[in-house]
Amino acid sequence: MSDVLEDMGPVDFLVIEFPGNRMTGEGFPLLLDLVDRGVIRVLDLLFVRKDVDGSVVGLELADLDGDGRPDLSVFEGASSGLLGQDDIEEAGMALEPGNAAGILVYENLWAAPLARALRRGGAQLVAGGRIPVQALLASLEAAEATEGDGPAA
């Protein structure tokens, strides 16, 4: 097992909220493309809904949007066992009542060779993070506004 872990790329997770439980499926082909091209490997994919009373319940993968057609059946059973009930509850705390979410745990296969080389050299990842696009845009807008406040030439 340690050999498998040594060869792995970084593992990330996403919790993607769908307001009003509206899952259009528009992103699914793009997710499949990332898997098909070997960019990522899906370790876990789970869908949850937060009811109006605040309770969090799991959703079946087979027909998420209720149209009678299977959705994401290719990922049915994608479960490494990494996600536990506490993770589901924590994801549920981030959701607004009446909304659903997809919880995706994935390995960054594109980074595996770099990660292996760094580990062989004794390096280890000690911190990481993600900057939400909304925060990045807000920072850029603030910087542009500040530039406009400078002294006149």
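Now for a description of the structure that goes with this document. The written sequence of each chain sets the order in which its residues are numbered from 1. In keeping with the predicted nature of the model, local features appear solely for residues at pLDDT of at least 70, side-chain atom pairs appear and are counted solely at 80 or more, and the whole-chain, interface and lining totals rest on all residues. Excluded from the side-chain calculation are hydrogens and water; included are all heavy atoms of the structure.

**Some words on the pairing of strand β2 (residues 40-50)**
In step 1: Most of β2 is tucked away: 8 of the 11 residues are buried.
In step 2: Here β2 runs beside strand β4 (residues 100-108); their pairing, made up of 9 bridges, is antiparallel. In the strand pairing of β4, Arg-49 is matched with Ala-100.
In step 3: A pair of strands is treated as paired once DSSP finds two or more bridges between them. Strands here mean DSSP runs of E at least two residues long; helices mean DSSP runs of H or I at least four residues long; both are numbered from the N terminus. The pairing of β2 with strand β3 (residues 56-59) spans 4 bridges and is antiparallel. What sits directly across from Val-48, in β3, is Gly-58.
In step 4: The antiparallel pairing of β2 with β3 creates a hairpin that spans 5 residues between the two strands, and Gly-54 there sits at a positive phi of about 95 degrees. Burial classes: relative accessible area under 20% of the type maximum marks a residue as buried, over 50% as exposed, and values in between as partly exposed (1.4 Å probe, protein chains only).

**Looking at the nonpolar core**
In step 1: Core analysis: the biggest nonpolar cluster contains 11 residues, these being Phe-18, Met-23, Phe-28, Leu-31, Ile-40, Val-42, Leu-45, Phe-47, Ala-100, Leu-104 and Tyr-106.
In step 2: Of all the secondary-structure elements, those providing two or more residues to this core are α2 (28-36), β2 and β4.
In step 3: By size, the runner-up hydrophobic cluster in this structure holds 7 residues, among which are Val-48, Ile-88, Leu-95 and Ala-101. What we call a nonpolar core is a set of buried Ala, Val, Leu, Ile, Met, Phe, Trp, Tyr and Cys residues that are connected through their side-chain atoms within 4.5 Å.

**A look at the packing of aromatic side chains**
In step 1: When two rings of Phe, Tyr or Trp (its six-membered ring) have centres within 6.5 Å they constitute a pair, described as stacked for plane angles under 30 degrees, edge-to-face for angles over 60, and tilted for the intermediate range. Overall, the coordinates contain 1 aromatic pair when judged by the stated rule.
In step 2: A centroid spacing of 6.4 Å and a plane angle of 85 degrees characterise the contact between Phe-28 and Phe-47, whose relative ring orientation is edge-to-face. One end of the pair, Phe-28, is in helix α2; the other, Phe-47, is in strand β2, and 19 residues separate them in sequence.
In step 3: On the basis of relative accessibility, which here comes to 16%, the residue Phe-28 falls in the buried class.
In step 4: Assessed through its relative accessible area of 3%, Phe-47 is described here as buried.

**Examining the sheet that holds β2**
In step 1: With antiparallel pairing, the 4 strands of this open sheet are ordered in space as β1-β4-β2-β3. Because the sheet does not close on itself, it has two edges, and the strands there are β1 (11-18) and β3. Looking at each pair of strands side by side, their axes are set apart by 30 degrees on average, direction ignored.
In step 2: Its contacts with the sheet place α2 against β2 and β4, and it is angled at close to 155 degrees to β2. For helices, the fitted line uses only the C-alpha atoms of the stretch in contact; every axis is such a line through C-alpha atoms, and the angle between N-to-C directions lies from 0 to 180 degrees. Contacts: residue pairs with any heavy atoms within 4.5 Å of one another.

**Considering the layout of surface pockets**
The rolling of a water-molecule-sized probe over the atoms marks out the regions of remaining empty space.
In step 1: Detection works on a 1 Å grid of protein atoms alone, calling trapped sets that fit a 1.4 Å probe cavities and calling open sets with protein on both sides within 12 Å along at least five of seven lines pockets, with lining residues defined by an atom within 4 Å of a point. Grid points are joined across faces, edges and corners, and a volume is the space filled by probe spheres set on the points. What the largest pocket holds in volume is close to 400 Å³.
In step 2: The wall of the largest pocket is formed by 18 residues, among which Leu-14, Ile-16, Gly-27, Leu-31 and Leu-104 lie closest to the centre.
In step 3: When contributions to the lining of the largest pocket are tallied by element, the ones reaching two or more residues are β1, α2, β2 and β4.
In step 4: For the lining of the largest pocket, the element with the most residues is α2, which contributes 4 residues.
In step 5: For the lining of the largest pocket, the per-class residue count stands at 12 nonpolar, 4 polar and 2 charged. Three residue categories are used. Nonpolar comprises Ala, Val, Leu, Ile, Met, Phe, Trp, Tyr, Cys and Pro, charged comprises Asp, Glu, Lys and Arg, and polar comprises the others, including Gly.

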